[in-house]
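# Report on the structure
As a plain string of letters, each chain reads:
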Amino acid sequence: QVQLVESGGGLVQAGGSLRLSCAASGSILSINAMGWYRQVPGKQRELVAVIRRGGTTTYADSVKGRFTISRDNAENTVYLQMNSLKPEDTAVYYCNAKVGTSYLPYDYWGQGTQVTVSS
């Protein structure tokens, strides 16, 4: 079992910055990758950024150059630094941890944190 606790959402004006944090606990060694997804009402949850065990990262095209995912292994925490925020970044952001194998993957999710960007 993996538990994820997010923090750092809020309201910010366009062009501003926010940093999201996700603290993992439980079966930490089973985690293969951690990332952030976001969802707006009526749409599917979409990948924002992921950082893998080896340190490689992937970003959605819409956030490249503006968002940075990083991790603190000592604190078992993943961060999402969001700069130059746009109104279209408004969503509920969810932390994700992937465990298991390619044949039997499993996702853990945080409770979600609201990010609202005003124009």
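Given the structure is predicted, the values throughout are model-derived calculations rather than measurements.

A separate point is the pattern of salt bridges. One pass over the full model with this rule turns up five salt bridges. Residue Arg38 is joined to Glu46 by a salt bridge in which the shortest nitrogen-to-oxygen separation is 2.7 Å. Here Asp61 ties to Lys64 by a salt bridge, and the two come within 3.1 Å at their closest N and O atoms. The same class applies to Asp61 as to Lys64, namely exposed. Here the residues in one salt-bridge network are Arg38, Glu46, Arg66 and Asp89, joined through shared partners.

To continue, consider the environment of Lys86. Within the element layout of this structure, Lys86 appears in the loop between strand 8 (77-82) and strand 9 (91-100). Spatially, the C-alpha atom of Lys86 lies 25 Å from that of Trp109, the residues being 23 residues apart in sequence. Excluding anything up to four places from it in sequence, Lys86 contacts Arg66 and Val117.

Bringing the environment of Tyr106 into the picture now. Secondary-structure assignment places Tyr106 in strand 10 (residues 105-109). Given a relative accessible area of 48%, Tyr106 falls into the partly exposed group. Placed 75 residues apart in sequence, Tyr106 and Ile31 show a C-alpha to C-alpha distance of 9.8 Å. The contact partners of Tyr106, leaving out residues within four places of it in the chain, are Ala97, Lys98 and Val99.

Moving on: the side chain of Arg38. Considering the arrangement of structural elements, one finds Arg38 in strand 4 (residues 31-39). The exposure class assigned to Arg38 is buried, which follows from its relative accessible area of 6%. At a separation of 2.9 Å, a polar atom in the side chain of Arg38 contacts the side chain of Asp89. Engagement of the side chain of Arg38 in a polar contact is seen with the side chain of Tyr93, the distance being 2.9 Å. When neighbours within four sequence positions are excluded, Arg38 is seen to be in contact with Gln44, Arg45, Glu46, Val48, Ser62, Val63, Phe67, Glu88, Asp89, Ala91, Val92 and Tyr93.

In this structure, Leu4, Met34, Trp36, Leu80, Met82 and Tyr93 are the most contacted members of the largest nonpolar core, which totals 30 residues. Those elements that place two or more of their residues in this core are strand 1 (2-7), strand 3 (18-26), strand 4, strand 5 (46-52), strand 7 (67-72), strand 8, strand 9 and strand 11 (113-118). When residues in this core are grouped by element, the largest group, five residues, is from strand 9. Contact partners of Met82, with chain neighbours within four places excluded, come to Gly16, Ser17, Leu18, Leu20, Arg66, Phe67, Tyr93 and Val115.

For the rest of this paragraph, the subject is the pairing of strand 3. The side chains of a regular strand alternate, residue by residue, between the two faces of the sheet. As paired strands, strand 1 and strand 3 are joined by six bridges and run antiparallel to one another. Within the sheet, the bridge partner assigned to Ser7 lies in strand 3 and is Ser21. One ladder, built from six bridges, connects strand 3 with strand 8; its direction is antiparallel. Across the sheet, Leu18 pairs through a bridge with Met82, a residue of strand 8.

Before going further, it helps to spend a moment on the state of the cysteines. Any covalent bond linking the sulfur atoms of two cysteines counts as a disulfide. Summed over all chains, the structure comprises one disulfide. Disulfide pairing places Cys22 opposite Cys95 at an S-S distance of 2.0 Å. Its S-S torsion of approximately -85 degrees makes the covalent link between Cys22 and Cys95 left-handed. With Cys22 in strand 3 and Cys95 in strand 9, this pair connects stretches of sequence that are 73 residues apart. Looking at Cys95, the relative accessible area reads 0%, which means it is buried.

Basis of the calculations
- Residues numbered from 1 in each chain as written.
- Predicted model: local features only at pLDDT ≥ 70, side-chain atom pairs only at ≥ 80, totals over all residues.
- Heavy atoms only, no water.
- Salt bridge = Lys/Arg side-chain N within 4 Å of Asp/Glu carboxyl O.
- Buried < 20%, exposed > 50% of the residue type's maximum accessible area, 1.4 Å probe, protein only.
- Helix = DSSP H or I, 4+ residues; strand = E, 2+ residues; numbered from the N terminus.
- Contact = heavy atoms within 4.5 Å.
- Polar contact = N/O pair within 3.5 Å; in protein donor to acceptor, adjacent residues only side chain to side chain.
- Core = buried A, V, L, I, M, F, W, Y, C linked by side-chain atoms within 4.5 Å.
- Pairing = 2+ DSSP bridges.
- Disulfide = S-S within 2.5 Å.

These results come straight from atomic positions and should not be treated as a statement about function.
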